[in-house]
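Remarks on the overall topology
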Amino acid sequence: MATVTVSPKFQIVIPKAVRRSMDIRAGEKVQVFQYADRIEFMRVKHVREIRGIAKGISTRVHRDKDRA
């Protein structure tokens, strides 16, 4: 696990090993979440990258009569 330091401008550098393992490139968007007492980062994926993610999922679910 890597440790980073927050700069006076509240910036951090993502460690090289993490950037390489997640293939993070300069200029990419990353979402930041607060979860309980920690900060989490998640890459923003382009819609083309997630195409087909639900392929094969069953669409047969019980629905109330007033629903389409």
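Residues numbered from 1 in each chain as written. Predicted model: local features only at pLDDT ≥ 70, side-chain atom pairs only at ≥ 80, totals over all residues. Heavy atoms only, no water.

1. Here we look at the overall build of the protein chain
When its secondary structure is counted, the protein chain shows one helix and two strands. Put simply, the protein chain runs from its N terminus to its C terminus through helices and strands in the order α-β-β. Judged by the C-alpha coordinates and their principal axes, the protein chain covers about 60 × 25 × 20 Å. Here the protein chain holds 68 residues, and 1% of them are scored as buried. For the protein chain, long-range pairs separated by at least 24 residues make up 3% of all intrachain contacts whose partners lie at least 6 apart in sequence. Of the roughly 7400 Å² of accessible surface on the protein chain, a fraction of 55% belongs to carbon and sulfur atoms. The centroid of the 16 positive side-chain charges in the protein chain is displaced by 7 Å from the centroid of its 7 negative side-chain charges. (Helix = DSSP H or I, 4+ residues; strand = E, 2+ residues; numbered from the N terminus. Buried < 20%, exposed > 50% of the residue type's maximum accessible area, 1.4 Å probe, protein only. Contact = heavy atoms within 4.5 Å. Areas by Shrake-Rupley, 256 points an atom, 1.4 Å probe, with all protein chains shown as cover. Lys, Arg positive; Asp, Glu negative; His and termini not counted. Charge placed at Lys NZ, Arg CZ, Asp CG, Glu CD.)

2. Some points on unusual backbone geometry
Phi is positive for F10, which is not a glycine, with a value near 60°. When you line up the elements, F10 lands in the segment before α1 (16-22). Owing to a relative accessible area of 73%, F10 belongs among the exposed residues under this scheme. Its identity as a non-glycine residue notwithstanding, D23 has a phi of 55°, on the positive side. Positionally, D23 belongs in the loop between α1 and β1 (30-35). For D23, a relative accessible area of 39% gives the class partly exposed.

3. Thoughts on the confidence of the model for the protein chain
Caution is warranted with low-pLDDT regions, since their predicted coordinates should not be read in detail. Model confidence for the protein chain is summarised by a mean pLDDT of 87, while 99% of its residues fall at 70 or above. At the level of individual helices and strands, the protein chain shows its lowest average pLDDT in strand β2 (residues 38-43), which scores 91, and its highest in β1, which scores 93. (pLDDT = per-residue confidence, 0-100.)

4. Some details on the environment of R38
Here R38 lies in strand β2. Residues R38 and V13 lie 25 residues apart in sequence; the distance between their C-alpha atoms is 17 Å. Here the side chain of R38 touches E40 through a polar contact of 2.6 Å, side chain to side chain. (Polar contact = N/O pair within 3.5 Å; in protein donor to acceptor, adjacent residues only side chain to side chain.)

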